[in-house]
Amino acid sequence: MLAATGRFALGYQAKQEAPMYQPPGVKTSPDLPVPDLMKAWVLGDPDQLHLRDKPTPAPSRAEVLVRIDAVAICATDLEIIHLGSPASIQGGLPFNKNFTPGHEYMGTVAALGPEVDEFRIGERVSVEIHAGCGQCKRCRQGMYTSCLNYGKPEKGHRANGFTTDGGFAEFAMNHINTLARVPDTMSDAEATLVVTAGTSMYGLTELGGLVAGESVVVIGPGPIGLLAVAVAKALGASPVMLTGTRNKRLAIGGELGADRVININDEDAVEVVKQLTGGIGADYVVECAGTEATLNQAIHMTNRGGKICLAAFPHEAATLDIAHLVRNNIYAYGIRGEGKSATHRAMELMAAKRFDATKIHTHTFPLADLPTALRYARDRVDDAIKVVVTNRKADAIASAAE
């Protein structure tokens, strides 16, 4: 069971009388007051979150302070809160280290680090998780989600919600390279989904990027899988197929652009894919389930010379038909996060209304009720898919310009 301590009412009106935030060299605005102390959920022992006052972080060079307006819950957040991994704080598990999890957030630029002029205070932004060190071999190749200084903030690496404080708080610090402007036509809740769409975009980028006319199978109708369907369709893939076991989620996949959905309890997914591709199998397969069975399905439904994106974190070692991969010259790519600026490209597709990411947003809670939101996400209460918590009033997060 998830335990939580502390009760509070988030709100910026009351904060205005508190000592104000004025770090040296940091630009602020009276129009967007920032307190010296912020409220944040802090991870104690496994499954224990405590509400605490923490110093509001001060951005340095090439960084901004973001007032968090909304944050979506990811399955990885649940793993971190329960197991610790894949978070790494001070070289170890994140428990009892004053660590704030949460990584899929959006908000408003509240303060600018020294000499930052790329953004303005008051701009709405979505974020991506990773900011690489910028100096290692992988970062120089643009592979900052595989930074060789991962987990070393002293080297310049940040992965908010993984190796540095994340978004279950009132404010967070972000490198300017991790920010994408949110258009006025997009609600706060939709903007939190840019990281999820960006992860799907990154997977397709690694498989080849321009997928127009290619056949794509997505395995697993979770948040990443459903938005992988949407992104693939927006990029012109045909046909797009989605496999899974939950008919309601498969139906959402159809709304997001899947040409064929396959319930693997009722049909042989490999056979259906081969039937739809003239007997040769799919060009690309995006595997978002992470089980031994689905991994082997991916291997056997991919055509010769085709590519598989491994987007899920398997919980156990799997026995795979590697010989089939080798004999058929099939490529497998593991991805971590939303690399190569994929969130920026996903934002462009979402802003252009190429797909409606809000179809996977099912529940909203105030940040003060984070434990309930986490329970809904973990236990799939009311068939929850993407649960969003917000720091703003319900009418504010739901609003979008007409």
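Residues numbered from 1 in each chain as written. Predicted model: local features only at pLDDT ≥ 70, side-chain atom pairs only at ≥ 80, totals over all residues. Heavy atoms only, no water.

Participant: What is the right way to read the overall build of the protein chain from this model?
Facilitator: Helix and strand counts for the protein chain come out as 13 helices and 18 strands. Taking 2.2 N^0.38 as the reference for a compact globule, 402 residues should give roughly 21 Å; the C-alpha atoms of the protein chain span a radius of gyration of 21 Å, in line with that estimate. Projected onto its principal axes, the C-alpha positions of the protein chain cover 70 × 45 × 45 Å. Within the span of the protein chain, comprising 402 residues, buried residues form 55% of the whole. A fraction of 69% describes how many contacts in the protein chain between residues 6 or more apart in sequence connect residues 24 or more apart. Total accessible area computed for the protein chain in this model is approximately 17000 Å², and 49% of it derives from carbon and sulfur atoms. Taking the average location of the 39 positive side-chain charges in the protein chain and that of its 44 negative ones, the two points are 4 Å from each other. (Helix = DSSP H or I, 4+ residues; strand = E, 2+ residues; numbered from the N terminus. Rg over C-alpha atoms; globule rule 2.2 N^0.38 Å. Buried < 20%, exposed > 50% of the residue type's maximum accessible area, 1.4 Å probe, protein only. Contact = heavy atoms within 4.5 Å. Areas by Shrake-Rupley, 256 points an atom, 1.4 Å probe, with all protein chains shown as cover. Lys, Arg positive; Asp, Glu negative; His and termini not counted. Charge placed at Lys NZ, Arg CZ, Asp CG, Glu CD.)

Participant: Is there a simple way to explain helix α7 (residues 247-255) in this structure?
Facilitator: Because each turn of an α-helix spans 3.6 residues, side chains separated by three or four positions end up pointing in the same direction. Those residues of α7 that fall on the buried side of the exposure criterion are R249, L250, I252 and G253. Each buried residue of α7 sits inside an arc of 155° when the element is viewed along its axis, so together they form one side. For α7, the exposed residues set more than 90 degrees away from the buried face come down to N247, K248 and E255. Tucked into the core, α7 has its buried residues touching α6 (223-234), β12 (240-244) and β13 (260-263). Backbone geometry just downstream of α7 places G257 in the positive-phi region, at approximately 125°. (Arc of directions from axis to C-beta.)

Participant: Just to check I follow, could you spell out the sheet that holds β12 for this structure?
Facilitator: Sheet strands associate in pairs through backbone hydrogen bonding, adopting either a parallel or an antiparallel arrangement. Strand order in the open sheet formed by six strands is β13-β12-β11-β14-β15-β16, with parallel pairing between adjacent strands. Strands with a single pairing partner mark the edges of an open sheet, and in this sheet they are β13 and β16 (331-334). Sheet twist, expressed as the mean angle between neighbouring strand axes with direction ignored, is 15°. Examined bridge by bridge, strand β14 (residues 282-287) and strand β15 (residues 302-310) share five bridges and lie parallel to one another. When the sheet's bridge partners are listed, V285 is paired in β15 with I308. Together, β11 (216-219), β14 and β15 form the strand contacts of helix α9 (residues 292-301), whose direction differs from that of β15 by roughly 150°. (Pairing = 2+ DSSP bridges. Axes fitted to C-alpha atoms, helices over the stretch in contact; angles between N-to-C directions.)

Participant: How should I be thinking about unusual backbone geometry in this particular structure?
Facilitator: Peptide bonds are trans in most cases, and residues, glycine excluded, mostly fall at negative phi. Following S85, the chain continues to P86 via a peptide bond in cis, the omega torsion being 10°. The topology assignment puts P86 in the loop between α2 (75-83) and β5 (104-112). Look at the link from S238 to P239: it is a cis peptide, with omega at -10°. The backbone of N96 sits at a positive phi, close to 55°, despite the residue not being glycine. As for its position among the elements, N96 is in the loop between α2 and β5. Given a relative accessible area of 51%, N96 falls into the exposed group.

Participant: Just to check I follow, could you spell out the domain arrangement of the protein chain for this structure?
Facilitator: A common way to state how big an interface is: give the accessible area lost once the parts meet. Annotation of the protein chain at the domain level lists domain 1 (27-182 + 356-396) and domain 2 (196-334). Placing a centre on the C-alpha atoms of domain 1 and another on those of domain 2 gives a separation of 29 Å. Taken together, the contact pairs 13 residues of domain 1 with 13 residues of domain 2. Roughly 1200 Å² of surface becomes buried between domain 1 and domain 2 when both sides are summed, with 59% attributable to carbon and sulfur atoms. By the criterion of area lost to domain 2, the three top residues of domain 1 are K359, I360 and I385, representing 40% of everything that side buries. The interface formed by domain 1 and domain 2 includes two salt bridges. K359 is paired through a salt bridge with E255; the nearest N and O atoms lie 3.4 Å apart. Split by residue class, the side of domain 1 that touches domain 2 holds four nonpolar, two polar and seven charged. (Domains from an automatic or database assignment. Buried area = accessible area lost by both parts, 1.4 Å probe. Salt bridge = Lys/Arg side-chain N within 4 Å of Asp/Glu carboxyl O. Nonpolar A, V, L, I, M, F, W, Y, C, P; charged D, E, K, R; others polar.)

Participant: Sorry, what's going on with the state of the cysteines here?
Facilitator: Here, disulfide denotes a covalent bond that connects the sulfur atoms of two cysteines. The tally for this structure, following the rule as stated, stands at zero disulfides. Distance from the sulfur of C147, which forms no disulfide, to the nearest cysteine sulfur (C133) is 3.7 Å. (Disulfide = S-S within 2.5 Å.)

Participant: Please explain a nonpolar patch on the surface as it appears in this structure.
Facilitator: Where nonpolar side chains cluster on the molecular surface, the patch consists of L320, I322 and V326 and spans about 270 Å² of accessible area. Residue placement: V326 occurs in helix α10 (residues 322-327). (Patch = residues over 30% accessible without salt bridge, like charges linked within 9 Å, V, L, I, M, F, W, Y side chains within 5 Å.)

Participant: Is there a simple way to think about helix α11 (residues 342-351) in this case?
Facilitator: Of the residues making up α11, those classed as buried are A342, T343, A346, M347, L349 and M350. Around the axis of α11, the buried residues are gathered within 165° of arc, so they sit on the same side. Contacts made by the buried residues of α11 are with β6 (124-127), β10 (179-181), α4 (188-191), α5 (194-207) and α6. Of the residues trailing α11, K353 is marked for its positive phi of about 60°.

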